[in-house]
Amino acid sequence: MKPVEITWITDRAPDAVHALALEWMQDDERRRHDRFAFEHTRAEYRLARWLVRTALSRHAPVDPAAWRFVANAHGRPAIAAPACDLRFNLTHTPGLLAIAIAEGREVGLDAEDATRPGALESIAHRYFAPRELADLLALPDAHARRERFFALWTLKESYIKARGLGLALPLDSFAFSWQGQRLDFACDARAADEPARWHFRQYRPTARHRLALATERGNGDAPEPRLRFVPFT
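About the criteria used
Residues numbered from 1 in each chain as written. Predicted model: local features only at pLDDT ≥ 70, side-chain atom pairs only at ≥ 80, totals over all residues. Heavy atoms only, no water. Helix = DSSP H or I, 4+ residues; strand = E, 2+ residues; numbered from the N terminus. Rg over C-alpha atoms; globule rule 2.2 N^0.38 Å. Buried < 20%, exposed > 50% of the residue type's maximum accessible area, 1.4 Å probe, protein only. Contact = heavy atoms within 4.5 Å. Areas by Shrake-Rupley, 256 points an atom, 1.4 Å probe, with all protein chains shown as cover. Lys, Arg positive; Asp, Glu negative; His and termini not counted. Charge placed at Lys NZ, Arg CZ, Asp CG, Glu CD. Arc of directions from axis to C-beta.

1. What about the overall build of the chain?
Helices and strands together make up the secondary structure of the chain, namely 6 helices and 11 strands. Relative to a compact globule of 233 residues, whose C-alpha radius of gyration would be 17 Å, the chain shows 18 Å and is just as compact. C-alpha atoms of the chain, sized along the principal axes, occupy 50 × 40 × 30 Å. The buried share among the 233 residues of the chain stands at 47%. Sequence-distant contacts, at least 24 apart, represent 59% of the contacts inside the chain between residues at least 6 apart. Just so you have it, the chain exposes about 11,500 Å², and 53% of that area is on carbon and sulfur atoms. Seen as two clouds, the 34 positive and the 31 negative side-chain charges of the chain have centres 1 Å apart.

Set out below in structure tokens:
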């Protein structure tokens, strides 16, 4: 099967990109855009719609304006038309937007700004599986714990996004751990899944950002994803 492609962009784009995004939006997308109270939120939404459409059109001979989307019961978007076997997942965080595109397999992508403030250990106590929390708290210093927190958080988010279930899938029903450099994944009966079905990778697209990819294996394979950065000039 074809490898997954990850494309990421910064959140600074020329006016022409924003204009194209508005031109290509469906009526429901435009209504959602117009409901955002703040311009920075509207700008982020425009860039996300531009990225989805241009990235998909690299994989299929479809005009960017022709893509149509539908969301499932948990809010995950998918392609409604034209008919194709492409799957995608979008993520955004301050300073970065990214999309993963796969053919014939589910995919999930999450990015986080690892410099953001917050009570990270309190979040871990609330959402991490017991083993993840124990491993996190056993680390020797605050820097190591912050690095581990964002590694775990992006992995967990990438998995629930690939499953398309949102927070209907309890975050403590599955867990990640490291044996040396090897990343292990396990889940309990609540997750109703087979761990061998998935492959995970992590990236640092910038000094401040962490990115995790969950890919459904096709025929047992896990081809190396392609990474693309789209610079705005």
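There is more to say, and it comes next.
2. Points about helix H5 (residues 130-137)
Of the positions making up H5, those classed as buried are Glu-132, Leu-133 and Leu-136. Angularly, the buried residues of H5 cover 95 degrees about the axis, an arc narrow enough to put them on a single face. Lining the buried residues of H5 we find helix H4 (120-127), helix H6 (142-163) and strand S7 (174-179).

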